[in-house]
Every structure is written in structure tokens, then in C-alpha cells.
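# Commentary on secondary and tertiary structure
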Amino acid sequence: MRILSALILPAAFLIAACGAPQTGAPAASSIADVRDAFIVQPPEGRTVTGGGMHITVQGATLTLTGASTDKAEQVELHTMSMEDGVMQMRKVEGFPVSAGAPLSLERGGNHLMFFGLQPLEVGEEVEIVLTFSDESGAEQQIVTKAEVVPIGG
């Protein structure tokens, strides 16, 4: 009997400690899908170019806060707008993405900018590390592959 009670008490404690999550707890978020990632092959002799992808998440809103690749010295998040007929690109600190509002990074809009880019060939796949943060500031990273596409393609 002593052995049985020695097993039951710790088991009961573990069951109580691992009970159902409390109601009102924040919804967990996860990156559901990253697709159609691309990097535009820059003109010969240039080391700056743009890129993009489509990102969807499940759960609470996440913010894309950064990107990196071993093929570029730096990757920045940028917006693009037209002001008085002039294209304006600006670095931003992040882009929100939620289940109801997927993020599209694309030519002529919000996009990634790659600086100090190594020479790339059309069709090559490049790994990009994406960094996201949630409302509490906790970060998560995922790795995706982007296809190098021609400048006009």
C-alpha cells in the first residue's frame, strides 16, 4: 500500500499541474505559410535589390521584424509609396500579419531590400531567416527559401 500511495500522490500532482490552460490566456500564434518567396536578380555590378513573399499566420497577430540571409550584408523591411509622382521607399521596423490580414511583400509595395548582395543566378534558391515577434515581444524565427527571379519577371 505504501508503494501505491507513493505513486498516486506524484501522479495526482502532475495531473493537476498539467491541467487545461486557463481561460483568458493569450492565443498562441504560429506562422501558417510562407509562399512564393523571391529575390530579384540585380543588374550586373549592383549589390542592392528587392524581394518578397506571402505570409499567413494562425492565432494572434505577429509582426515581421526582420530578415537575414548569408547572401547579403543586410536585409531591411521597406514600404513604397508615390508622392507627387515620385516613388518613395522607406525603411520600417515591422509589418503586422494576422489570420485575417496576411502579409504580401511584393514589387511596387511593401517589400524586402537586400544590401551588399553576393552575385546570384536566376533560378538559384536562397535561404532567408524571418524574425517575428508577438504582442509580448517574444520572438520566433523561420527559414524559408526564395527563388532568384529575373528583373523583369
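Residues numbered from 1 in each chain as written. Predicted model: local features only at pLDDT ≥ 70, side-chain atom pairs only at ≥ 80, totals over all residues. Heavy atoms only, no water.

## A few points about the layout of surface pockets
The condition that has to hold: Using only the protein atoms, space was sampled on a 1 Å grid; points where a 1.4 Å probe fits but cannot get out form cavities, open sets with protein on both sides within 12 Å along at least five of seven lines form pockets, and lining residues are those with an atom within 4 Å of a point. Grid points are joined across faces, edges and corners, and a volume is the space filled by probe spheres set on the points. Helix numbering and strand numbering both begin at the N terminus, where a helix is a DSSP run of H or I of at least 4 residues and a strand a DSSP run of E of at least 2. For this classification, Asp, Glu, Lys and Arg are treated as charged, while Ala, Val, Leu, Ile, Met, Phe, Trp, Tyr, Cys and Pro are nonpolar and the rest, including Gly, are polar.
By volume, the largest pocket amounts to about 300 Å³. If you go around the largest pocket, you meet 17 residues; those closest to its centre are Val40, Thr49, Gly50, Met89 and Met113. Secondary structure elements with two or more residues in the lining of the largest pocket: strand 1 (30-40), strand 2 (49-58), strand 5 (86-92) and strand 8 (111-115). Sorting elements by how many residues they give to the lining of the largest pocket places strand 2 first, with three residues. Of the residues belonging to the lining of the largest pocket, the class tally is ten nonpolar, five polar and two charged. Estimated volume of the second largest pocket: approximately 160 Å³. Together, Gln41, Pro42, Pro43, Glu44, Gly45, Arg46, Thr47, Leu117, Gln118, Pro119, Leu120 and Glu121 line the second largest pocket. Class assignment of the residues belonging to the lining of the second largest pocket gives a composition of five nonpolar, four polar and three charged.

## What about the pairing of strand 2?
The line we're drawing: Using a 1.4 Å probe on the protein chains alone, a residue whose accessible area is under 20% of its type maximum counts as buried, one over 50% counts as exposed, and one in between counts as partly exposed. DSSP-based pairing: two strands are paired if at least 2 bridges between them are found.
Where burial is concerned, most of strand 2 is hidden: seven out of the ten residues are buried. As paired elements, strand 1 and strand 2 share seven bridges and run antiparallel to each other. Residue pairing across strands places Val34 opposite Ile55, the latter belonging to strand 2. Relative to strand 8, strand 2 runs antiparallel, the two sharing three bridges. For Thr49, the partnering residue across the bridge sits in strand 8 and is Phe114.

## Observations regarding the pattern of salt bridges
Selection criterion: Between Lys or Arg on one side and Asp or Glu on the other, a salt bridge is scored when a side-chain nitrogen of the former is within 4 Å of a carboxyl oxygen of the latter.
Inspection of every chain in the model, using the stated rule, returns four salt bridges. Asp36 serves as the salt-bridge partner of Arg35, at 2.7 Å between the closest nitrogen and oxygen. The exposed category is assigned to Asp36, whose relative accessible area is 52%. Glu124 is the partner of Lys71 in a salt bridge, and the nearest nitrogen-oxygen pair spans 3.6 Å. Linking Lys71 in the loop between strand 3 (62-68) and strand 4 (74-83) with Glu124 in the loop between strand 8 and strand 9 (125-133), this pair joins segments that are 53 residues apart in sequence. For Lys71, a relative accessible area of 24% translates into the label partly exposed. By relative accessible area, Glu124 is classed as partly exposed at 23%.

## Regarding the side chain of Thr144
Here Thr144 shows up in strand 10 (residues 139-149). Overall, the relative accessible area of 11% leaves Thr144 in the buried class.

## With respect to the confidence of the model for the chain
To be explicit about the condition: Confidence of the predictor at the level of single residues is given by pLDDT, which spans 0 to 100. The contact criterion used throughout is that any non-hydrogen atoms of two residues lie within 4.5 Å.
Looking at the chain as a whole, the pLDDT averages 84, with 81% of positions reaching at least 70. Of all the helices and strands in the chain, helix 1 (residues 2-17) carries the lowest mean pLDDT, 39, while strand 8 carries the highest, 98. Predicted confidence is poor over residues 1-26, with pLDDT under 50, and the contacts of this stretch with residues over four places away or in other chains come to one contact.

## Description of the environment of Phe95
Along the chain, Phe95 turns up in strand 6 (residues 95-97). A relative accessible area of 6% places Phe95 in the buried class.

## Quick word on the environment of Val143
Tracing the backbone shows Val143 in strand 10. In the structure, Val143 is positioned 13 residues away from Leu130 in sequence and 6.2 Å away in space, judged by C-alpha atoms. In this view, Val143 contacts Glu127, Ile128 and Val129; residues no more than four positions away in its chain are not counted.

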